[in-house]
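If you want the building blocks of each chain, they are given just below.
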Amino acid sequence: MHWQTHPLLDEPRPKSIALVALIIAFTIGVAISFDGAAYGLLTLVILTLSMSRYLLPTRYALDDDGLQVAHLLRSQHRPWSTFRRADHHRDGLFLSPFAESSRLDSFRGCFLRYGATEEGAAAAVEAFVRAHVPAR
């Protein structure tokens, strides 16, 4: 099972336009404030990389061995034995290596975003994950 999400295209258009406009405004503001295009370019790179999960596509693949998440130039494979909890959210599933909620969840866990998949596809992803990871 595999799919791709691209929140910039999947989310409502005004939200995406507002984000891109803010990034451009901050870039121009920094370039003018510090009187240098290099500072503006650095700002653009930092903001784009920090928002890359929203701006650029992410690919997911699930199989009986585990899950694979590919984003930008990085691909990460994690076996199902890594996860002890799956939490349902409106936009996807959060997989955590901890049986109970922890402050480290956001650092060690993995969020599987459904994206613009069909309702049946989202249910199939959730059923597949639930077969390998216990629910809370």
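Scroll up to find the structure this text is about.
Throughout this description, residue numbers start from 1 for each chain and increase along the sequence as written. Predicted model: local features are reported for residues with pLDDT of at least 70 only, side-chain atom pairs are reported and counted for 80 or more only, and whole-chain, interface and lining totals are derived from all residues. Hydrogens and water are ignored here; the side-chain numbers use all heavy atoms of the structure.

A. Looking closely at the overall build of the chain. For the purposes of this entry, the term helix denotes a DSSP run of H or I that reaches at least four residues, the term strand denotes a run of E that reaches at least two, and both are numbered from the N terminus. Counting secondary structure elements, the chain contains six helices and seven strands. Reading the chain from its N end, one meets helices and strands in the order β-α-α-α-α-β-β-β-β-β-α-β-α. For the C-alpha atoms alone, the extent of the chain along its principal axes is close to 55 × 30 × 25 Å. Categorising residues by exposure relies on relative accessible area from a 1.4 Å probe, with only protein chains included: less than 20% of the type maximum marks a residue as buried, more than 50% marks it as exposed, and the intermediate range marks it as partly exposed. Across the 136 residues that make up the chain, the buried fraction comes to 34%. In this description, accessible areas are obtained by the Shrake-Rupley approach with a 1.4 Å probe, and a residue is regarded as covered only by the protein chains that are shown. Of the roughly 8700 Å² of accessible surface on the chain, a fraction of 62% belongs to carbon and sulfur atoms. Computed over 14 positive and 13 negative side-chain charges, the separation of the two mean positions in the chain equals 6 Å. For the purpose of charge, His is not counted, nor are the chain termini; Lys and Arg are scored as positive and Asp and Glu as negative. In plain terms, the charge of a residue is placed at NZ if it is Lys, CZ if Arg, CG if Asp and CD if Glu.

B. Local environment of the packing of aromatic side chains. By convention, a stacked pair of Phe, Tyr or Trp rings (six-membered ring in the case of Trp) has centres within 6.5 Å and planes under 30 degrees apart, an edge-to-face pair has planes over 60 apart, and any other such pair is tilted. The full count for this structure, using the stated rule, is four aromatic pairs. Both rings, one in F34 and one in Y39, keep their centres 5.5 Å apart while their planes meet at 40 degrees; by these two values the pair is tilted. With relative accessibility at 55%, the residue F34 sits in the exposed group. Classification of Y39 by relative accessible area gives partly exposed; the value is 48%. Counting every residue linked through ring pairs, the aromatic cluster contains W80, F83 and F128.

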